[in-house]
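Commentary on secondary and tertiary structure
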Amino acid sequence: MKHKNYYNSLQNIWYLFKRGWLYQKSLYIFNGILILFESLYPFIFVLFPKFILDELTGERRIDVLTIILTAFFLFMITFDLIMTFLRAKIEPQFTILRFKYVREHSDVCMKLNFEHTEDPDVLNQVHMSSKALSGNNDGIEGIYRKMFSFISSIITFAGFLSLTLYLNPFILAYLLLSSLLIYYINLKIKKFEHDNEEKLAKTDRKTTYVSDLLNDVRYGKEIRLYGIRRWIIDKYSALIKERIMNKNLLQKKHFFVNLLNIVFLLFREGIIYAYLIIRFLSHNITIGDFSVYFNVANQLTGQIQGVLDSIAYIQTQNIYINDYRKFIESLQNSDSEHEEKIPEMPYTIEFRNVSFQYPNSSQMVLKNFSYKFQYGKRVALVGHNGAGKTTIIKLMTGLYSPTEGEILLNGININKLNRQQYFNLFSVLFQDFKLFAFSIYENIALQGQQNIDLDAVWKYINKVGLANKINALPKKAETSLLKALDYDGIELSGGESQRVALARALYKDGNIFIMDEPTAAMDPLAEDQFYQLLNQMKEPGNTYIFVSHRLASTRFCDTILMLQDGSILEEGSHQELIRKKGAYYELFELQAKSYREEHK
Amino acid sequence: MKQTLKYNLRIAIKFIKIINQISKLYLPFVLLSIVLSSTISFVNIIFPKYIIDELLGDQNAGRLVLFVALTVGIGFLFNLIIQIIGYYCEVQNEKVSAKLDIILGEKSLELDFDQVEQGENLELKERAMFVIRNQNALVRMMSSLRNIVQNIITICGLLTIIATLNILVIAFIGLVLFLSSKIFKKQNQSSFAANQELIPINRIFNYYSTLTTDFTAGKDIRIYNMRPMILKKIDEFIAKNLSVFKKLSYDQQKYQAFGSINLNIENICIYIYMCYRVLIQSISIGDFTMYINAVNNFGRSISGLISQFFEFSNMCQYLEPFFEYLDIQPKSKDGTREMDIDPQNFEIQFEHVSFAYPNTEALALDDLCVTIRSNERISIVGMNGAGKSTFIKLLTRLYRPTSGVIRLNGVDINDYRYDEYIKFFSAVFQDYKNYAFTIKENIALKTAQTASDETIYELLSRLSLDDKINQLDNGINTTLYKIFEEDGIEFSGGEMQKIAIARAAYKNAALVFLDEPTSALDPVMECEIMQSFNDIIHNKTVIYISHRLSSCRFSDRILLFHEGKIVEEGTHTELMQNESGLYYKMFHSQSQYYI
């Protein structure tokens, strides 16, 4: 709402105009010519009938009539064909142009600071700005289409206007005034509509969410098992009712305007008829003129409406354009702070008095946390749920910034570094990693086809123990994952997916290797294989950080950090901490107990 | 895909039936509106003739006033009624669209689970959904149908007017019509093919745009610098589609061109004929104007009819998947037996059960024979892909065995009524899902309205979640996740898992499955939860799938799955005695770190 008057319509039109030229020059050229023809086309049907009528009520010369009729025909056909041809050229350009804007939008989404992506405010903005791109006849594509047709309708309108001026300025005044009144009211309604939409944005998203619950296969198991189908459908119905009620208000307003329009129409036709009849009876105009002026005057209202509608349309879409621009431009500010060059290997990352709370939360997840992650070391982070382990990972990788304190890479505050270059240093296996609807190769390499080192990919497929499974597939590593893009894609099990994500981290070969619960979904033998793998990972310059509940994994690490309530409770090697007989020891014993009794 | 008119009409009729369910007045109102619109058109064609003839004739003021008043008055009155009807219909349209969405969702849940997962059904459903969400297809279809009827009525009326001129003119117009319809048919086919090509394009495009706005992929996208790759894919996509769009557009407009040539020729011929008739004095100027208007209107109506036919046909094509999807019969009929089973005393038997997933040859379960008795605590272990989850899915009737039978107290489980059968089970799946509703709703689900807060808090306290939740402003009425409410709560992975566990416990079913229920929990929590499980679900039957073999020690029986079969079975102690067995190997591989 705050950005309602961010840019006015003219500024936005100019903005779109400039960029459209950059993106799709051919669109402008073809449209330019089309405008010429479109604006003149209606006049053919105004002028020629008049000539014919005048000749028929006048001299009745056959040769003159023949010429008029021939000319009429030629004009009609030529214009028609040329306009059709041009439209054929133009139509695909609009859609492609919109695609290019979607590309830009996607780009911005990917560049957003990560902390914004969990902020409902930003999510709303993303939702609203996406609306500007959602259809063929609305938002940005809508404006482009309108822009050009608007110009031709203005030219036609000017022509009709001058014809009517011949007639009587008062009629013109009436037509203009009644149309302006309708326009003004429509504008108010559109503003109401948009304001309403922001409020509706949340309901809209909820409705989509619930509808997805019904239709997304992944929820299907639970919905069946708990028999909650009806319950969710009822929720959906309730949300829909809410939306319908909101729309109803809008529809009432439209109805009112339409009624007003009809009343104006009544008077307009009456006035025009009366006036023209009087003029004819006082021998001021011919029948040919009568016919023409009648048509023109009636069409003029349509013309005025058309022009005003276009303006109104542009005004309302303007709001969406603002949503879009605000979103795109919000990014420009955040980039420029990153100045310093990424230092050379090896890397030491230091947390200095770092405290952190998530946006919109009052709880401090980390409290005065200080630690130096040395290169070449393997560190395990253990602790209860909510102790802050995953948060440390998110801070270390630069996805979030500390609320207090700083994080330093070889002594430089990471906020001063180029964010993407900083990201590039890390290989991370997240707890909630995501696989994509691309080929297995691409899911591992996360690069375009041409840049993938196939041998390396297979090396890691073997290392993580997926070779058998993948070789058994008909398309092997070309097989798509998920079913979203390729209905023949496969859905991997939890453990298999985790291995793909691990291969991904290995392939990237970052200097700082982070794994967050890497074996949660793996069976014991796979898990064991994994620990063997871990044991081999000992590049001298690299840092390895593991977050896991499985204290078995901590045995591979040089140092274990035991966290509680956002700070370090205990620190040391496995042996040291066992000897200490503190919290770590207790935790270890708890897990070991159940395994150990067997070997008594 | 037959695209005949008859076929499309059948689709339209199906929708009209749905509309009728919501409002019986809709159809009659629309018909009325059509009649009135047509009348207005005729009035505006015929009456000017009388005005002009009067002007060129007697110039009787009284008659002139009458004609003008009638023309303008009828227009006003009828337009008014049309607007009122339009408003009514708009309101109904919203309701209809919503209903379609619900029908679709209900259908998805009615089908067998494996049908829902099938590639072609997924595609069908997506096409059905796309249309309803994005294109407002139903409204457009109704609107085009209405316009078609209106145009037809107008055309008939115009033909009648023109017939008063000369029957041959009708013949001539008939020829034009015939040519138009041929062109139209070609255009239609071309458009249909075009739409088929567009569907996968739209799907892919949607995936890319949602990928970047769906921030659950956000971490991976940033850390792995996926931006260049995704942008490149989008660029390739755009380039590829430009040529597709160009070709489609060209095809469409080609027919458009033929059509307009056709009509323009017709136009000029009529004009010539009219002039001739005026010159030989057999019609008046008023008639001339009227007939020209009629013919112009006729031309417009034909073009209108053609484009509306198009729209109608397109919309029906869009809507067709909707009905195709609805027509899918659930593969299996629901059973009919009532369930009257004592939760303390039952027996489940797998008799030579084999199962392969659709479109797969490999057997996920291979001639499985096992019995499960009430009050048993069973652990199911095995490597990934050994068949453990499949076992559960078959038991909960998400899938049906390819061969063999599963019996509950001697009766084939598929014979029982599904909604009764399912009350018997409760589960926490490995890929459990929580909902962006309140905590209370997440736990009590459909009984949330009447559920007692105390019971829920008690459950939460056994899972050690009560303190944290008590501290929230809205307590158990806090919404999970932040996607809708700013004050929604984002729990950690482990806490989310506990909510899922609470939900399973709350259901109070006789048999509980736990599929890796504590994988995201730390050891202390894990221990606590296993403890409270024992409280929460004492005197229930539990089937426990876990990779943490330490948990097996509390089970009465362990089933070791391998390649779809049960290869070892017994208590932990028994199995550990077989030192060359798989179980021993697996246990050892985990325990070695704790020794």
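In this report, the structure presented in the accompanying data block is examined. (Residues numbered from 1 in each chain as written. Chains lettered and ligands numbered in written order. Predicted model: local features only at pLDDT ≥ 70, side-chain atom pairs only at ≥ 80, totals over all residues. Heavy atoms only, no water.)

Side note on the overall build of chain A
What counts, and what does not: A run of H or I in DSSP counts as a helix once it spans at least four residues, and a run of E counts as a strand once it spans at least two, with each numbered from the N terminus. Burial classes: relative accessible area under 20% of the type maximum marks a residue as buried, over 50% as exposed, and values in between as partly exposed (1.4 Å probe, protein chains only). We call two residues contacting when some pair of their heavy atoms lies within 4.5 Å.
If you tally the helices and strands in chain A, you get 18 helices and 10 strands. If one aligns the C-alpha atoms of chain A with their principal axes, the spans along those axes are about 125 × 55 × 50 Å. Burial analysis of chain A (600 residues in total) assigns 57% to the buried set. Long-range pairs, those at least 24 residues apart, make up 74% of the contacts in chain A with a sequence separation of at least 6.

Observations regarding the overall build of chain B
The line we're drawing: Throughout, radius of gyration means the C-alpha value; the globule benchmark is 2.2 Å times the number of residues raised to the power 0.38.
When you go through chain B residue by residue, the secondary structure sums to 19 helices and 10 strands. A globule of 595 residues ought to have a C-alpha radius of gyration of about 25 Å, yet chain B, at 35 Å, is considerably larger. In terms of overall dimensions, chain B has a C-alpha envelope of 120 × 55 × 50 Å along the principal axes. Taking the contacts inside chain B whose residues are at least 6 apart along the sequence as the reference set, 75% of them involve residues at least 24 apart.

Brief notes about the sheet that holds strand E2 (residues 365-373) of chain B
Hydrogen bonds between backbone groups are what pair the strands of a sheet, and the pairing can be parallel or antiparallel. All names here are of chain B. Rules: In this scheme, strands are said to pair when DSSP sees at least two bridges between them.
With antiparallel pairing, the four strands of this open sheet are ordered in space as E2-E1-E4-E5. Each having just a single partner strand, E2 and strand E5 (411-412) make up the two edges of the open sheet. Looking at chain direction, strand E4 (residues 403-408) and E5 are connected through two bridges and run antiparallel. By the bridge assignment for E5, Leu408 is matched with Val411.

Section: the interface of chain A and chain B
Note the cut-off: A simple way to read buried area is as the amount of 1.4 Å-probe accessible surface that goes missing from two parts once joined, with both sides added. Between Lys or Arg on one side and Asp or Glu on the other, a salt bridge is scored when a side-chain nitrogen of the former is within 4 Å of a carboxyl oxygen of the latter. We define a polar contact as two N or O atoms separated by no more than 3.5 Å, with the added condition that, inside protein, one atom must be a possible hydrogen donor and the other a possible acceptor, whereas residues neighbouring each other in sequence contribute only through side-chain atom pairs. Basically, the charged four are Asp, Glu, Lys and Arg, the nonpolar ten are Ala, Val, Leu, Ile, Met, Phe, Trp, Tyr, Cys and Pro, and anything else, Gly included, counts as polar.
Across the boundary between the two partners, chain A contributes 162 residues, which contact 159 residues of chain B. When chain A packs against chain B, the two sides together hide about 15,600 Å² of surface, and 67% of this comes from carbon and sulfur. Interface area lost by chain A to chain B is led by Arg224, Tyr487 and Tyr595 of chain A, which between them contribute 6%. Note that Glu442 of chain A and Lys233 of chain B form a salt bridge whose closest N and O atoms lie 2.8 Å from each other. The tally of links between chain A and chain B comes to 27 residue pairs in polar contact (both at pLDDT 80 or more). Residue classes in the side of chain A that touches chain B are distributed as 82 nonpolar, 39 polar and 41 charged.

Considerations on the environment of Gly566 of chain A
Residue and element names in this part refer to chain A. Of note, Gly566 is situated in the loop between strand E9 (559-564) and strand E10 (567-572). What makes Gly566 buried here is its relative accessible area of 0%. Separated by 201 residues in the primary sequence, Gly566 and Val365 have C-alpha atoms spaced 5.4 Å apart. If near-sequence neighbours (up to four positions away) are discounted, Gly566 is found in contact with Val365, Leu366, Lys367, Phe369 and Ala387.

Section: unusual backbone geometry
Glycine aside, residues mostly have negative phi, and peptide bonds are mostly found in the trans state. For the peptide bond that leads from Met345 of chain A to Pro346 of chain A, omega is -10 degrees, which places it in the cis range. Along the chain, Pro346 of chain A turns up in the loop between helix H9 (287-335) and strand E1 (349-356). Although it is not a glycine, Asn225 of chain B adopts a positive phi angle of roughly 50 degrees. Its place among the elements puts Asn225 of chain B in the loop between helix H8 (218-223) and helix H9 (227-279). Asn225 of chain B gets classed as partly exposed once you look at its relative accessible area, which sits at 24%. Phi angles above zero are rare outside glycine, and Asn375 of chain B is one such case at about 65 degrees. Structurally, Asn375 of chain B can be placed in the loop between E2 and strand E3 (377-382).

Looking at the pairing of E4 of chain B
For a regular strand, the rule is simple: side chains alternate between the two faces of the sheet. Residues and elements named next belong to chain B. Pairing of strand E1 (residues 347-355) with E4, which is carried by five bridges, proceeds in the antiparallel orientation. Residue Ser354 lies in a different strand from E4, and its bridge partner there is Ser403. Two successive antiparallel strands, E4 and E5, enclose a turn made up of two residues, where Asn409 displays a positive phi of approximately 50 degrees.

Considerations on the packing of helix H4 (residues 120-131) of chain A against helix H6 (residues 169-215) of chain A
All names here are of chain A. To be explicit about the condition: Angles shown run from 0 to 180 degrees and are taken between the N-to-C directions of axes, each axis being a line fitted to C-alpha atoms and, for helices, limited to the stretch in contact. Throughout this description, any angle smaller than 35 degrees is read as roughly parallel, any larger than 145 degrees as roughly antiparallel, any in the 65 to 115 degree range as roughly perpendicular, and the remainder as oblique. Helix crossings fall into two classes, left-handed where the near helix is turned counterclockwise from the far one by less than a right angle and right-handed where it is turned clockwise.
The interhelical angle for the contact between H4 and H6, taken along N-to-C directions, is 115 degrees, at an axis separation of 10 Å. Judged by the inter-axis angle, H4 sits roughly perpendicular to H6. Relative to H6, the crossing made by H4 is right-handed. Every residue of H6 that contacts H4 at Pro120, Leu123, Asn124, His127, Met128 and Lys131 is listed here: His194, Glu197, Glu198, Ala201, Asp204 and Arg205. Its residues placed into classes, the contact of H4 with H6 shows four nonpolar, three polar and five charged.

Structural notes on H9 of chain B
To keep it simple, the criterion reads: Each helix should span, by expectation, one fewer than its residue count multiplied by 1.5 Å.
Taking 1.5 Å per residue as the helical rise, H9 of chain B with its 53 residues ought to reach 78 Å, and the 75 Å between its terminal C-alpha atoms agrees with that figure. Positioned one or two residues after H9 of chain B, Gln281 of chain B has a phi angle of 65 degrees, which is positive.

Describing the pattern of salt bridges
Under the definition given, this model contains 39 salt bridges over all chains. The salt bridge partner of Glu38 of chain A is Arg87 of chain A, with a shortest N-O separation of 2.9 Å. With Glu38 of chain A in helix H2 (residues 25-56) and Arg87 of chain A in helix H3 (residues 62-111), this residue pair connects regions lying 49 residues apart in the sequence. With relative accessibility at 22%, the residue Glu38 of chain A sits in the partly exposed group. For Asp453 of chain B, the salt bridge goes to Lys440 of chain B, with nearest N and O atoms at 2.7 Å.

Some details on the side chain of Glu441 of chain B
Within the fold, Glu441 of chain B resides in helix H13 (residues 439-444). With a relative accessible area of 17%, Glu441 of chain B lands in the buried category. Glu441 of chain B has contacts with Trp231 and Lys235 of chain A together with Ala448 of chain B, leaving out every residue within four places of it along the chain.

Concerning the pairing of strand E10 (residues 565-570) of chain B
All names here are of chain B. When strand E9 (residues 557-562) meets E10, the two strands line up antiparallel, connected through five bridges. Of the residues in E10, the one forming a bridge with Leu559 is Glu569. The turn joining E9 and E10, which pair antiparallel and follow one another in sequence, is formed by two residues; a positive phi near 50 degrees is taken by Glu563.

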